[in-house]
Amino acid sequence: MKQFKALTIAGSDSGGGAGIQADLKTFQELGVFGMSALTAVTAQNTLGVQGIYPLSTEAVTTQIRSIAEDMGTDALKTGMLFHADIITAVAELIKQNNWERLVVDPVMVAKGGARLLQEEAVQAMFTHLIPLALVVTPNIPEAEVLSGITIKTMEDRKEAAQRLVQMGAKTVVVKGGHDQDDDVIDLFYDGSQFAELRRKRIQTRHTHGTGCTFSAALTAELAKGKDVLIAVETARDFIQAAIEEAPGIGKGHGPTDHGAYRRRLSS
Ligand code: PXL
């Protein structure tokens, strides 16, 4: 059987719940061979971010070239990119390699408020990366920044999704985790069709890395050649199981359980 491959271009979370660590664990759980190009090292635990150490743009592009020139990839995602220069260089390489199954998780701030994307890099994200994306996966605050729309209602969310498609993304998932409803509703839009994915909200503080984990699961399913909406549904089930079975590690916002989905499938 063909071994599908996925690449994450993202930052390291020393706490193991988010970033590159979440992505590689998730790829593995879904049976996809995981590869990584590191953009930054964060010193981090469940209480917050203690340090951010970006890599040079050259360090990032050399990693991506190494993968492209030998192994290739079936799908890829971007997470924490930090710098405008890194975004521009990464976008250029994605174009050169004709990598079309691209998930852009427009990571901007960590849970405690630390910036994982510099303010001036948001423009580079609009201009260079969003237009290449097969799927963009903003949470509500990120969708507000990217679309310029204040999101209060589902109508606002739909308008924000439409703006992102106008900016060149093929599909968008505006994640509902940050709103206040009893159910979490994630809004999918592909330029013609809206779909609302509804799941029960789990009352927990252990949600560190949920955005990374969701977009990694989506990338893994896209690597297998799945249709976008089907891949989104699987990713949604993956993160729901991971949150439900969060192991309660650390004194603050703990990680989720990346193994929960597979264990449920095999039991
Ligand atoms: O979830 C966003 C995110 C992305 N990448 C890294 C992170 C975080 C959140 O903490 O640490 C490296």
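Residues numbered from 1 in each chain as written. Predicted model: local features only at pLDDT ≥ 70, side-chain atom pairs only at ≥ 80, totals over all residues. Heavy atoms only, no water.

## What to know about the overall build of the protein
Within the protein one finds 9 helices and 9 strands. With respect to the three principal axes, the spread of C-alpha positions in the protein is 45 × 45 × 35 Å. By the burial criterion, 54% of the 267 residues in the protein qualify as buried. Working note: accessible area of the protein is about 11,500 Å², and carbon and sulfur atoms make up 50% of it. Between the centroid of the 27 positive side chains of the protein and the centroid of its 32 negative side chains there is a distance of 4 Å. (Helix = DSSP H or I, 4+ residues; strand = E, 2+ residues; numbered from the N terminus. Buried < 20%, exposed > 50% of the residue type's maximum accessible area, 1.4 Å probe, protein only. Areas by Shrake-Rupley, 256 points an atom, 1.4 Å probe, with all protein chains shown as cover. Lys, Arg positive; Asp, Glu negative; His and termini not counted. Charge placed at Lys NZ, Arg CZ, Asp CG, Glu CD.)

## A word on the pairing of strand S4 (residues 75–78)
Burial along S4 is two-sided: the residues Ala75 and Lys77 and Leu76 and Thr78 are all buried. Where strand S1 (residues 5–13) lies against S4, 4 bridges are found, and the strand directions are parallel. Following the sheet pairing, Leu7 is matched in S4 by Leu76. Since S4 and strand S5 (residues 102–104) lie parallel, the crossover through helix H3 (residues 84–96) that links them has a hand, and here it is right-handed. (Pairing = 2+ DSSP bridges. Right-handed = clockwise from strand over helix to strand, strands pointing away.)

## Overview of the side chain of Thr219
With respect to the helices, strands and loops of the structure, Thr219 is situated in helix H7 (residues 210–223). Discounting residues that sit within four places of it in the chain, Thr219 has contacts with Ala6, Phe27, Ala75, Leu76, Lys77 and Val103. (Contact = heavy atoms within 4.5 Å.)

## Let's talk about the pattern of salt bridges
Side chains that differ in sign of charge can pair as their charged atoms come close. If you walk through the whole model with that rule in mind, you get 19 salt bridges. Between Glu119 and Arg115 there is a salt bridge whose closest N-O contact spans 4.0 Å. Ionic pairing is found between Arg236 and Asp186, a salt bridge with its closest N-O pair at 2.4 Å. Separated by 50 residues along the polypeptide, Arg236 in helix H8 (residues 228–244) and Asp186 in strand S8 (residues 183–189) bring together distant segments of the chain. A relative accessible area of 6% places Arg236 in the buried class. Owing to a relative accessible area of 3%, Asp186 belongs among the buried residues under this scheme. (Salt bridge = Lys/Arg side-chain N within 4 Å of Asp/Glu carboxyl O.)

## Considering the site of the ligand
Residues in contact with the ligand, as listed here, are Gly11, Ser12, Asp13, Ala18, Gly19, Gln44, Met80, Val107, Ala110, Leu116, His208 and Cys212. With respect to the ligand, the side chain of Gln44 contributes an N or O atom lying 2.7 Å from an oxygen atom. When isolated, the ligand has an accessible area of 310 Å², and the protein chains bury 91% of it. With 3 residues, the single largest contributor to the shell around the ligand is S1. (Near = heavy atom within 4 Å. Polar contact = N/O pair within 3.5 Å; in protein donor to acceptor, adjacent residues only side chain to side chain.)

## Considerations on helix H5 (residues 140–147)
In an α-helix, one turn spans 3.6 residues; hence positions three or four apart end up facing the same way. Looking only at H5, the buried set comprises Ile140, Glu142, Ala143, Leu146 and Ser147. Down the axis of H5, the buried set is contained in an arc of 155°. They therefore lie on one face. Residues of H5 that are buried sit in contact with helix H4 (121–129), helix H6 (154–166) and strand S7 (171–174). N-cap assignment for H5: the residue whose side-chain oxygen lies 2.9 Å from the backbone N of Glu142 is Asn139. Gly148 lies just past H5 and shows a positive phi near 75°. (Arc of directions from axis to C-beta.)

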